[in-house]
Amino acid sequence: QQQVKQSPQSLIVQKGGISIINCAYENTAFDYFPWYQQFPGKGPALLIAIRPDVSEKKEGRFTISFNKSAKQFSLHIMDSQPGDSATYFCAAGYSTLTFGKGTMLLVSP
Amino acid sequence: KAGVTQTPRYLIKTRGQQVTLSCSPISGHRSVSWYQQTPGQGLQFLFEYFSETQRNKGNFPGRFSGRQFSNSRSEMNVSTLELGDSALYLCASSLDAGGTDTQYFGPGTRLTVL
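No experiment lies behind these values; they were computed from the predicted model shown.

Draft legend 1. Spatial organisation of the sheet that holds strand E3 (residues 19–24) of chain B. All names here are of chain B. Strand order across the open sheet formed by 4 strands is E1-E3-E8-E7, with antiparallel pairing between neighbours. This sheet does not close on itself; its edge strands, each paired only once, are strand E1 (5–7) and strand E7 (64–68). Adjacent strand axes in the sheet meet at a mean angle of 20 degrees, parallel and antiparallel pairs treated alike. Sheet analysis places E7 next to strand E8 (residues 74–78), joined by 5 bridges and oriented antiparallel. Bridging from a neighbouring strand, glycine 66 pairs with methionine 76 of E8.

If you want it as structure tokens, here you go:
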């Protein structure tokens with residue numbers, strides 16, 4: 001069964017710190033790895049995505065690191081801000097999109 | 001461009017009833033996927049429709065069904081509601097079918113079953 005395992009479940013980071021969320025997958029057929037950000041009462045919004053032909057992608061303060069051989073990928077949020085406090089979901093796509101269970105990030109002022 | 005819209009935003013039903021949720025995708029998007037989101041299970045894939053055809057279906061009972069119209073709008077139906085069906089139901093649209101195209105989510109319909 002396709003699975004994406006996400007850790008940690010929750011994370012508290014001080015303002016200005018680095019937030020790191022990790023995901024691991026099993027199915028080597030996955031070839032699209034997006035991260036979504038969700039605020040309470042809203043639907044998930046695409047943050048950044050990567051394909052397996054690159055090992056890193058950076059957009060502003062958000063970076064995805066991708067390790068194909070280890071079947072792992074991670075989201076790094078640099079200079080974390082209180083406005084980044086949200087739930088983050090990793091996902092892996094092939095015929096359908098499979099989501100991790102989410103990480104609740106709290107950035108303390 | 002207008003985003004994905006879902007109606008209604010909130011619903012309260014009782015066990016045994018049925019419910020229909022609606023989703024209007026972003027203009028030009030032909031694929032609509034539905035997800036169930038609960039605190040314990042996260043986002044679980046229900047089904048995907050592309051050009052009025054169901055392409056993929058998740059591991060949910062037959063009480064969950066859907067359809068897509070020629071204008072790409074989609075509806076999902078849940079019959080014989082159970083307490084465990086209480087969840088946020090999200091739809092997402094994308095240009096193409098499958099799990100490798102960017103999916104844009106609507107705000108969801110919060111269903112409460114009493």
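Draft legend 2. The arrangement of the pairing of strand E7 (residues 62–67) of chain A in detail. All names here are of chain A. In this sheet, E7 lies alongside strand E6 (residues 56–59) in antiparallel orientation, the contact comprising 4 bridges. Looking at the pairing, lysine 57 lines up with isoleucine 64 of E7. The loop that links E6 with its antiparallel partner E7 comprises 2 residues; one of these, glycine 60, has a positive phi angle of about 65 degrees. Sheet analysis places E7 next to strand E8 (residues 72–77), joined by 6 bridges and oriented antiparallel. Within E8, the position partnered with threonine 63 by the bridge is histidine 76. Between E7 and E8, which pair antiparallel in sequence order, lie 4 residues; one of them, lysine 71, sits at a positive phi of approximately 55 degrees.

Draft legend 3. Quick look at unusual backbone geometry. With an omega of -5 degrees, the peptide bond running from serine 7 of chain A to proline 8 of chain A counts as cis. Its place among the elements puts proline 8 of chain A in the loop between strand E1 (4–7) and strand E2 (10–14). Cis geometry is found at the peptide bond from threonine 7 of chain B to proline 8 of chain B, where omega equals -10 degrees. Residues other than glycine seldom take positive phi values, yet aspartate 79 of chain A does so here, at roughly 45 degrees. Along the chain, aspartate 79 of chain A falls in the loop between E8 and strand E9 (86–93). The exposure class of aspartate 79 of chain A is partly exposed, given its relative accessible area of 40%.

Draft legend 4. Structural detail: a nonpolar patch on the surface. A contiguous nonpolar surface patch, about 240 Å² in accessible area, is contributed by Ile18, Ile20 and Met78 of chain A. Take isoleucine 18 of chain A: it is sitting in the loop between E2 and strand E3 (19–25).

About the criteria used
- Residues numbered from 1 in each chain as written.
- Chains lettered and ligands numbered in written order.
- Predicted model: local features only at pLDDT ≥ 70, side-chain atom pairs only at ≥ 80, totals over all residues.
- Heavy atoms only, no water.
- Pairing = 2+ DSSP bridges.
- Helix = DSSP H or I, 4+ residues; strand = E, 2+ residues; numbered from the N terminus.
- Axes fitted to C-alpha atoms, helices over the stretch in contact; angles between N-to-C directions.
- Buried < 20%, exposed > 50% of the residue type's maximum accessible area, 1.4 Å probe, protein only.
- Patch = residues over 30% accessible without salt bridge, like charges linked within 9 Å, V, L, I, M, F, W, Y side chains within 5 Å.
- Areas by Shrake-Rupley, 256 points an atom, 1.4 Å probe, with all protein chains shown as cover.
- Salt bridge = Lys/Arg side-chain N within 4 Å of Asp/Glu carboxyl O.

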